[in-house]
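These are the residues of each chain, in order.
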Amino acid sequence: MYAAVVRSFDSSPKYEEVESPVPSGEHEALVDVLAAGLHLRVRAQANGSHYTSTDELPLIPGIDGVGRLPDGKLVYFVATDTALGTFADQTIVDLRRAVPLPAYADPVLIAAAMNPAMSAWVTLRRRVQAKPGFKVLILGATGNSGQMAVQIAKLMGASQIIAAGRNPERLRSLTQLGADVTLSLAGDPAAVARNLGEAAADADIVLDYLWGEPAAQAMLPILTRRSDRSRLLTWIQIGSVAGADAPIPSAALRSANFQIIGSGQGSVTPAGYLAEFPALIQAVADGKLTANPVVYPLSRIEEVWKTPADSQQRIVFVPHNK
Ligand SMILES: NC(=O)c1ccc[n+]([C@@H]2O[C@H](COP(=O)([O-])OP(=O)(O)OC[C@H]3O[C@@H](n4cnc5c(N)ncnc54)[C@H](OP(=O)(O)O)[C@@H]3O)[C@@H](O)[C@H]2O)c1
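Residues numbered from 1 in each chain as written. Predicted model: local features only at pLDDT ≥ 70, side-chain atom pairs only at ≥ 80, totals over all residues. Heavy atoms only, no water.

Draft legend 1. Seen up close, the overall build of the protein chain. Broken down by element type, the protein chain carries nine helices and 15 strands. Over its C-alpha trace the protein chain gives a radius of gyration of 20 Å, about what one expects of a compact globule, namely 20 Å for 322 residues. Its C-alpha atoms put the protein chain at 60 × 40 × 35 Å along the principal axes. Residue burial in the protein chain is summarised as follows: out of 322 residues, 53% are buried. A fraction of 72% describes how many contacts in the protein chain between residues 6 or more apart in sequence connect residues 24 or more apart. Split by element, the accessible area of the protein chain, about 14100 Å² in all, is 50% carbon and sulfur. Positive and negative side-chain charges of the protein chain, numbering 28 and 30 respectively, have mean locations separated by a distance of 8 Å. (Helix = DSSP H or I, 4+ residues; strand = E, 2+ residues; numbered from the N terminus. Rg over C-alpha atoms; globule rule 2.2 N^0.38 Å. Buried < 20%, exposed > 50% of the residue type's maximum accessible area, 1.4 Å probe, protein only. Contact = heavy atoms within 4.5 Å. Areas by Shrake-Rupley, 256 points an atom, 1.4 Å probe, with all protein chains shown as cover. Lys, Arg positive; Asp, Glu negative; His and termini not counted. Charge placed at Lys NZ, Arg CZ, Asp CG, Glu CD.)

Written out as structure tokens, the structure reads:
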């Protein structure tokens, strides 16, 4: 079979002929991969920088995908925690990490949508009790995950969605997806933080895809403008496109009812993710969530890998289309 193979964390994956894997455990099966998304998490896996990296090489990247089981069933599945990922004609699926898809589901759409969508979906269902009518600030709302977060917050009953991002055109498009307020992250950082403070003073939840300086700078301006500082603000660290570390002001944690938590692999159990997948898959398959896939044959991975990713589109590889 053919697969994308990473042999060094410094270079892009190469399309190579490799041995087909053989299932061994009682919960394992060989799956034909129909579609797999190139998520930021996959890039971090392939360059060894993700916090789950074991440094094992060679590595077939790809963390999830849509595949067909030997009995013909279509599933969405999350890859096993091994060097055998989903960017391959075939891979091993742990059946405990696979969820059946409705027959009408589009494999490419599911492969594009699940990773960015699960960030907000799982967070709002598993990491925080989002009460109906909650007010949410989405930091980094113009990326694939942020756009999903806007739509999912709406589906889950948010009464106010404040979407903040850099790209003006994409920011404007978020209104059609459900954002009540859009706010630019471009320009003078102190002015941006002040604007965030004014717009999001009464937010209940922050879904933070940025972290780094922009997150740290926005905290006090938001907290000090709250009409009731005893009202809880839960800041949820989900992504770190603006920096892996953030200098959190100590006063933020004293001056208001403020908590910072995270959401990702580890803070939510695999069983917790699995339990959320059927409803999320249904929402995607039924067109309640919009994703923007762009499809490439896996054979073109080397060239696609080097092209800067468009953050409004999610690249999806289809292994069998040569
Ligand atoms: N924990 C989880 O469950 C989970 C799940 C999925 C994703 N994530 C994480 O969430 C983050 C976003 O993922 P994604 O799928 O949305 O990626 P994406 O589609 O590539 O989008 C990245 C976004 O980040 C913006 N950005 C990059 N650097 C920025 C900066 N310095 N300041 C402000 N905005 C910046 C980009 O804005 P421009 O368009 O202006 O360039 C773009 O909108 C990543 O860190 C990813 O690993 C976490």
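Draft legend 2. View of the nonpolar core. Residues Tyr76, Ile110, Val136, Ile138, Leu207 and Phe277 are the most contacted members of the largest nonpolar core, which totals 55 residues. Counting residues per element, this core draws most heavily on helix H2 (residues 107-127), which supplies 13 residues. Mapping this core onto the domain boundaries places at least three of its residues in each of domain 1 (2-101 + 292-318) and domain 2 (115-262). For leucine 207, the contacting residues outside a window of four places in its chain are Ala120, Thr123, Leu124, Val136, Leu137, Ile138, Leu139, Ala149, Ile236 and Ile238. Within the second largest apolar cluster, 29 residues are counted, among which are Val31, Ala46, Val75 and Ala83. (Core = buried A, V, L, I, M, F, W, Y, C linked by side-chain atoms within 4.5 Å. Domains from an automatic or database assignment.)

Draft legend 3. Structural view of the layout of surface pockets. As a volume, the second largest pocket reaches approximately 240 Å³. Together, 13 residues line the second largest pocket, and Gln129, Lys131, Asp204, Ile205 and Leu232 are the ones closest to its centre. Considering only residue class, the lining of the second largest pocket consists of six nonpolar, four polar and three charged. (1 Å grid on protein atoms, 1.4 Å probe; cavity = no way out; pocket = protein on both sides within 12 Å on 5 of 7 lines; lining within 4 Å. Points joined across faces, edges and corners; volume = space filled by probe spheres on them. Nonpolar A, V, L, I, M, F, W, Y, C, P; charged D, E, K, R; others polar.)

Draft legend 4. Representation of the domain arrangement of the protein chain within the structure. In terms of domains, the protein chain is made up of domain 1 (2-101 + 292-318) and domain 2 (115-262). With centres defined by C-alpha atoms, the gap from domain 1 to domain 2 works out at 30 Å. Counting residues at the interface gives 11 residues for domain 1 and 10 residues for domain 2. Counting each side, the surface lost to burial between domain 1 and domain 2 is near 780 Å², with a carbon and sulfur contribution of 38%. Area buried by domain 1 at its contact with domain 2 is led by Ser311, Gln312 and Arg314, which between them contribute 58% of it. Our enumeration of links across domain 1 and domain 2 arrives at zero salt bridges. (Buried area = accessible area lost by both parts, 1.4 Å probe. Salt bridge = Lys/Arg side-chain N within 4 Å of Asp/Glu carboxyl O.)

Draft legend 5. Examining the site of the ligand more closely. In the vicinity of the ligand lie 21 residues, with Asn144, Ser145, Ser263, Ser311 and Arg314 positioned nearest. In this structure, glycine 143 approaches the ligand through a main-chain N or O atom, which is 2.9 Å from an oxygen atom. Measuring from an oxygen atom of the ligand, one finds a side-chain N or O atom of arginine 170 at 3.2 Å. Contact with the protein chains removes 80% of the 930 Å² of surface that the ligand exposes when unbound. Those elements that place two or more of their residues in the shell around the ligand are H2 and helix H3 (144-155). Classifying every residue of the shell around the ligand by side-chain character gives six nonpolar, 12 polar and three charged. Of the domains in this structure, domain 1 (2-101 + 292-318) and domain 2 (115-262) are the two that each give at least three residues to the shell around the ligand. (Near = heavy atom within 4 Å. Polar contact = N/O pair within 3.5 Å; in protein donor to acceptor, adjacent residues only side chain to side chain.)

Draft legend 6. Structural detail: empty space enclosed by the protein. Applying the stated criterion to the full structure yields one cavity of 30 Å³ or more. The computed volume of the largest cavity comes to approximately 50 Å³. Around the largest cavity, the lining residues are Ala112, Pro116, Asn144, Gln147, Met148, Thr290, Ala291 and Asn292. For the lining of the largest cavity, the leading source of residues is H3, giving three residues. Of the residues contributing to the lining of the largest cavity, the split by class is four nonpolar, four polar and no charged.

Draft legend 7. Looking closely at the packing of aromatic side chains. Scanning the model with the defined rule gives five aromatic pairs in all. Geometrically, the ring pair formed by tyrosine 2 and tyrosine 15 is stacked, given 5.0 Å between the ring centres and 20 degrees between the ring planes. One end of the pair, tyrosine 2, is in strand E1 (residues 2-5); the other, tyrosine 15, is in strand E2 (residues 14-17), with 13 residues separating them in the sequence. Residue tyrosine 2 is classed as partly exposed on the basis of its relative accessible area of 30%. You can call tyrosine 15 partly exposed: its relative accessible area is 22%. Seen in terms of ring centroids, tryptophan 235 and phenylalanine 258 are 6.1 Å apart; in terms of plane orientation they differ by 90 degrees. Their pairing is edge-to-face. A residue pair is termed long-range when its members are at least 10 positions apart, and tryptophan 235 in strand E12 (residues 233-237) and phenylalanine 258 in strand E13 (residues 258-262) qualify at 23 residues. (Phe/Tyr/Trp six-rings, centres within 6.5 Å; stacked < 30°, edge-to-face > 60°.)

Draft legend 8. Expanded view of the pattern of salt bridges. Summed over the entire model, instances satisfying the criterion amount to 11 salt bridges. With its nearest N and O atoms 2.8 Å apart, the salt bridge here joins arginine 125 to glutamate 276. Highlighted residues: arginine 125 in helix H2 and glutamate 276 in helix H8 (residues 270-285), separated in sequence by 151 residues. Taking relative accessible area as the criterion, glutamate 276 reaches 2% and is therefore assigned buried. In this structure, the salt-bridge partner of arginine 231 is aspartate 204, at a minimum N-O distance of 2.8 Å.

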